[in-house]
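What follows is the residue order along each chain.
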Amino acid sequence: MMKMIRLFILILVIAGTQAWAQQSKPLQFKEETFDFGAVAEEGGPVTHEFVFTNGSTRPVKVLTVQASCGCTTPGWSKEPVAPGKTGYIQASFNPKGRPGFFTKSLTVTTDLEATPIVLQIKGQVNTGGSATPSDFHIANGNWKLKAGSFNLGKVYRKDEFTTRDFQVLNGGNKAITFSGKFVGPAYIKVDVTPKVLAPGAKGNIKISYNGKLKNAYGFQSDNVEIQTDDESNPVKSFSVYATLEDYFEPLKPEELSKAPQLRLGMTSLDFGTVSSAGATREITVTNNGKKELNIRSLQGNCTCVTASATKPTLKPGESSTIKVNFKPQDRKGTQQKAVTIYSNDPRNPVQRVTFSAYVD
């Protein structure tokens, strides 16, 4: 009995020491390593945000973020992050031409301390030629896939179809025929080749998405049903994901100098302690450009976050506010959320505001 008590006390001491060590860091990251899992080579770049809290007693500015290779594009909070507030380091990895396992690092330098912070991303890039049967671990009837949904990544709001290919394997002992029919919205097209997939053979599912017909911004989720003669499951249902944003033609320097320019009063804010009733905060937004600025869409990263522009159209030099409303619903404790702003600023058409809150 005494041995069990001593063991329990030892566990508590170790856990407390680890918790203290984590909290004592000036910049506290939610995680310092992120695993993308399986990534399709033709699926386009994948992105992750490392969110951190400034645990020091003074504002912290991220000076530089250096990626270990050109395939990783970094981004970060440009404004100083006040004590107790949150910022982010963004890593975007392009899998094109990089099959197999990958691990990349981002070295973060701040004005807080000389020792840089090293973040890491990793994953497995799957390609059409190198895929093995073990890669197809998701079953939909006798169809075997690498993932249970189709993620197209970034899709521009252009009147043309963006296409991504996804491999499929016939894991059954009979041929499976694609009828050529599918059920889905008009802005999504589906094609499967070959039409008749022999047992053990690999095929290709082509998903095409028209961003202009969808007429939305940000992360979107849809559903398609693909009709086959698979005895196990003839009608196969899949989610289709895409992140929509405007496309801007390249502008000359003199054209950029006359373009609208969205400037945020802050890129992170603290709601403080929030009750279950929720709370609202305001962010100042200014048009620093020379043409009219249009705030086209505001999107929270969960159903608990909504945002609205007091004045969605701003003349050059004009300022207004964006109201951010947070309703915790059944959430408790510390929360890290974000609002993405889509505008006609050709330099920065997509901007993000992060915020933290403690739900009592």
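Note that the structure is predicted; figures quoted are calculated from it, not measured. (Residues numbered from 1 in each chain as written. Predicted model: local features only at pLDDT ≥ 70, side-chain atom pairs only at ≥ 80, totals over all residues. Heavy atoms only, no water.)

Chemist: I'd love a proper account of the overall build of the protein chain, names of residues and values included.
Modeler: Each helix and strand in the protein chain was counted, giving three helices and 27 strands. If you line up the protein chain on its principal axes, its C-alpha atoms span 75 × 65 × 45 Å. Here the protein chain holds 360 residues, and 39% of them are scored as buried. Summarising the internal contacts of the protein chain: among those between residues at least 6 apart in sequence, 66% fall at separations of at least 24. Accessible area for the protein chain stands at about 18500 Å²; split by element, carbon and sulfur atoms hold 52% of it. (Helix = DSSP H or I, 4+ residues; strand = E, 2+ residues; numbered from the N terminus. Buried < 20%, exposed > 50% of the residue type's maximum accessible area, 1.4 Å probe, protein only. Contact = heavy atoms within 4.5 Å. Areas by Shrake-Rupley, 256 points an atom, 1.4 Å probe, with all protein chains shown as cover.)

Chemist: I'd like to hear about the sheet that holds strand β4 (residues 62-67), residue by residue, with values.
Modeler: An order of β2-β8-β7-β4 is seen for the four strands of this open sheet, with the pairing classed as mixed. Of all the strands in the sheet, the pair left with one neighbour each is β2 (33-40) and β4. Across the sheet, the axes of successive neighbouring strands diverge by a mean angle of 20 degrees, strand direction being ignored. (Pairing = 2+ DSSP bridges. Axes fitted to C-alpha atoms, helices over the stretch in contact; angles between N-to-C directions.)

Chemist: Give me the lowdown on the state of the cysteines, citing residues and values where you can.
Modeler: Scanning the model with the defined rule gives two disulfides in all. Two residues, C69 and C71, share a disulfide whose sulfurs are 2.0 Å apart. Looking along the S-S bond of the C69-C71 disulfide, the torsion reads about -70 degrees, which is the left-handed sense. A disulfide bridge connects C302 with C304, and the sulfur atoms are separated by 2.0 Å. Disulfide C302-C304: the torsion about the S-S bond is -70 degrees, which places it as left-handed. (Disulfide = S-S within 2.5 Å.)

Chemist: Account for the sheet that holds strand β3 (residues 46-54), with residues named and values stated.
Modeler: By way of backbone hydrogen bonds, the strands of a sheet pair with one another, either parallel or antiparallel. The sheet built from four strands is open, its strands ordered β1-β3-β6-β5 with antiparallel pairing. Bordering the open sheet on either side are β1 (27-29) and β5 (72-76), each of which pairs with just one other strand. Strand after strand, the sheet turns through a mean of 25 degrees between neighbouring axes, direction not considered.

Chemist: A description of the pattern of salt bridges should follow, citing residues and the corresponding values.
Modeler: Taken as a whole and judged by the stated rule, the model has 12 salt bridges. A salt bridge links D191 to K195; its shortest N-O distance comes to 3.2 Å. A relative accessible area of 30% means that D191 is categorised as partly exposed. For K195, a relative accessible area of 38% corresponds to the partly exposed category. Residue D230 is joined to K236 by a salt bridge in which the shortest nitrogen-to-oxygen separation is 2.7 Å. Per residue, the accessibility class of D230 equals that of K236, and both read buried. Here the salt bridges do not stand alone but share partners, grouping R157, D246 and R296 into one network. (Salt bridge = Lys/Arg side-chain N within 4 Å of Asp/Glu carboxyl O.)

Chemist: Before we move on, could you go through the packing of aromatic side chains and cite the residues and values that matter?
Modeler: Pairs of aromatic rings are described using the distance from one ring centre to the other and the angle between the two planes. Taken as a whole and judged by the stated rule, the model has 12 aromatic pairs. Judged by centre distance (5.4 Å) and plane angle (40 degrees), the ring pair of Y217 and Y342 falls under tilted. With Y217 in the loop between α2 (211-214) and β17 (218-228) and Y342 in strand β26 (residues 333-343), this pair connects stretches of sequence that are 125 residues apart. With a relative accessible area of 13%, Y217 lands in the buried category. Taking 5.7 Å as the distance between ring centres and 65 degrees as the angle between the ring planes, the aromatic pair formed by F326 and F355 counts as edge-to-face. One end of the pair, F326, is in strand β25 (residues 319-326); the other, F355, is in strand β27 (residues 350-359), with 29 residues separating them in the sequence. The residues F326 and F355 share a single accessibility class, namely buried. Members of the aromatic cluster, joined through ring pairs, are F150, F166 and F238. Positioned over the ring face of Y247 is K158, at 4.1 Å from the centre of the ring. Directly above the ring of F161 sits K189, whose terminal nitrogen or CZ lies 4.3 Å from the centroid. (Phe/Tyr/Trp six-rings, centres within 6.5 Å; stacked < 30°, edge-to-face > 60°. Lys NZ or Arg CZ within 6 Å of the ring centre and 35° of its normal.)

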